[in-house]
Amino acid sequence: MSPATLDLYRLALPLVRPFRTSRGEETVRDVLVARWTGTDGVSGWAESAADVEPVYFPEYIDSVRLTIEQVLLPRLADDCPTTVGSVRHTVADVPGNPLARGLVETAVLDAQLRRHGMPLVDFLGSVRRPITVGVSVGIPGDLDTLLNWVGGYLDDGYRRVKLKIQPGWDLAPVRAVREAFSDELSLQVDANQAYTAADIPLLSRLDEFGLLLLEQPFARHELLAHAALAARHGTPVCLDESVLSLADAMTAIRIGAADVINIKPSRVGGYLTAVQIHDVCLAHGVPVFCGGTLEPALGRAANLALATLPGFTLPGDISATSRYYARDIGASFELDADGCLNAPEGPGNGVDVDLDAIDAFTVEAVTYRLD
Ligand code: NPG
């Protein structure tokens, strides 16, 4: 038996179009990919949602790598895990760091499932079904460009549109999109924490546009401000960045800070916690949708599997590969005639990783041996 190994690849994937939010602009997506190979030689793959800098998550690519190297792997080396459950158990004493823990957990889970020939959907206790997906539209330079982009995405078959907003780019773009397209268009907005409680009167004016939801208007710790906004019973308030754990989700629901929760598995520490949050939300009648971070194939596939669970009643931020990438690290996902995507059918996340693409996009790689 050879020792288990963990390969970390830092990829730089060119985006087909710059993606701008209230937090900044990306033209290339840097993605940390992990390959866990167990002592039996079976590999599992996962992607991290970490960014280059801590602009969105408190963790970032280098901090995730260091946490794995200095904190998680030394713990795992003593008792080399073969299941996601044993990873969780072994690193249970590590507080926070959901992105680092989630990356390792998800790679080990993928290896575990591939070893047993089990698709992630089956492991999650769900059934494969077509997932209605939405598109997230970055902030363009002007309204005409926005209308062109939205029109193009609707022609592509997307059934729900999410507009990024920020102070100075809020009422006008939403009004323009509402006026240009049908009232039936499912529309939601995401502020990525760009407002403060003093903006509640302004944000209340979004009510007239019949939005599905307003996502994360305030800073992540401002749960009371979100609760105050939600108490108005206007546009439903959705939390994203505020929810880094199951406890965060439970607190938010308890104090009325979340009418909806965006579940991003990598943000909350992996798919097991994502399922727990889903279950709590379902029990409390809080709808959820699967969030996205411009995932390449691995994350996209696994998120589609997660989104088959029954509480995911809102379209996810899981668009077709071509929305972001001309070339991916696995087969592309394209919308079907109903504007849906399907999780692949194979074991684990179901993606056949294109090693040539990994090679082509890798800017840095490191291998750790657990012996
Ligand atoms: O379609 O994958 C997607 C992107 C959806 O807008 C989206 N993601 O704030 O939720 C967000 C945003 C994001 C992108 C967050 C990259 C973090 C990193």
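Colleague: Help me out: how do you make sense of the packing of helix H1 (residues 61–78) against helix H3 (residues 98–116) in this one?
Modeller: Geometrically, a packed helix pair is captured by the angle between its two axes and the distance between the axes. In the contact formed by H1 and H3, the axes pass within 9 Å of each other and the chain directions differ by 60°. Between H1 and H3, the interaxial angle falls into the category oblique. Crossing hand, H1 versus H3: right-handed. Between H1 and H3, the residues in contact are Val-64, Thr-67, Ile-68, Leu-72 and Leu-76 and Leu-99, Ala-100, Arg-101, Leu-103 and Val-104, respectively. Broken down by class, the residue content of the contact of H1 with H3 amounts to 8 nonpolar, 1 polar and 1 charged.

Colleague: What am I meant to see in the layout of surface pockets here?
Modeller: Space left empty within the atom packing is revealed by a probe, the size of a water molecule, rolled over the atoms. Taken as a whole, the largest pocket holds about 540 Å³ of empty space. Of all the elements, strand S2 (residues 24–37) adds the most residues to the lining of the largest pocket, at 6 residues. When its residues are assigned to classes, the lining of the largest pocket shows 9 nonpolar, 8 polar and 15 charged. In this structure, the second largest pocket is lined by 15 residues; those nearest its centre are Arg-88, Arg-101, Ser-245, Val-268 and Thr-273. Secondary-structure elements contributing two or more residues to the lining of the second largest pocket are H3, helix H9 (246–254) and helix H11 (271–283). Ranked by residue count, the leading element in the lining of the second largest pocket is H3, at 3 residues. When its residues are assigned to classes, the lining of the second largest pocket shows 7 nonpolar, 4 polar and 4 charged.

Colleague: Would you take a moment to explain the site of the ligand for this structure?
Modeller: Lining the immediate surroundings of the ligand are 18 residues, of which Ser-136, Asn-192, Lys-264, Leu-294 and Tyr-324 lie closest. Asp-190 has a polar side-chain atom sitting 3.4 Å from an oxygen atom of the ligand. Bound to the protein, the ligand loses 97% of the 430 Å² it would expose on its own. According to the grid-proximity analysis, the pocket containing the ligand is the largest pocket. Along the lines of polarity and charge, the residues of the shell around the ligand split into 4 nonpolar, 5 polar and 9 charged.

Conventions adopted
- Residues numbered from 1 in each chain as written.
- Predicted model: local features only at pLDDT ≥ 70, side-chain atom pairs only at ≥ 80, totals over all residues.
- Heavy atoms only, no water.
- Axes fitted to C-alpha atoms, helices over the stretch in contact; angles between N-to-C directions.
- Helix = DSSP H or I, 4+ residues; strand = E, 2+ residues; numbered from the N terminus.
- Parallel < 35°, antiparallel > 145°, perpendicular 65-115°, else oblique.
- Left-handed = near helix turned anticlockwise from the far one by under 90°.
- Contact = heavy atoms within 4.5 Å.
- Nonpolar A, V, L, I, M, F, W, Y, C, P; charged D, E, K, R; others polar.
- 1 Å grid on protein atoms, 1.4 Å probe; cavity = no way out; pocket = protein on both sides within 12 Å on 5 of 7 lines; lining within 4 Å.
- Points joined across faces, edges and corners; volume = space filled by probe spheres on them.
- Near = heavy atom within 4 Å.
- Polar contact = N/O pair within 3.5 Å; in protein donor to acceptor, adjacent residues only side chain to side chain.
- Areas by Shrake-Rupley, 256 points an atom, 1.4 Å probe, with all protein chains shown as cover.
- Sits in = over half its atoms within 2 Å of the grid points.

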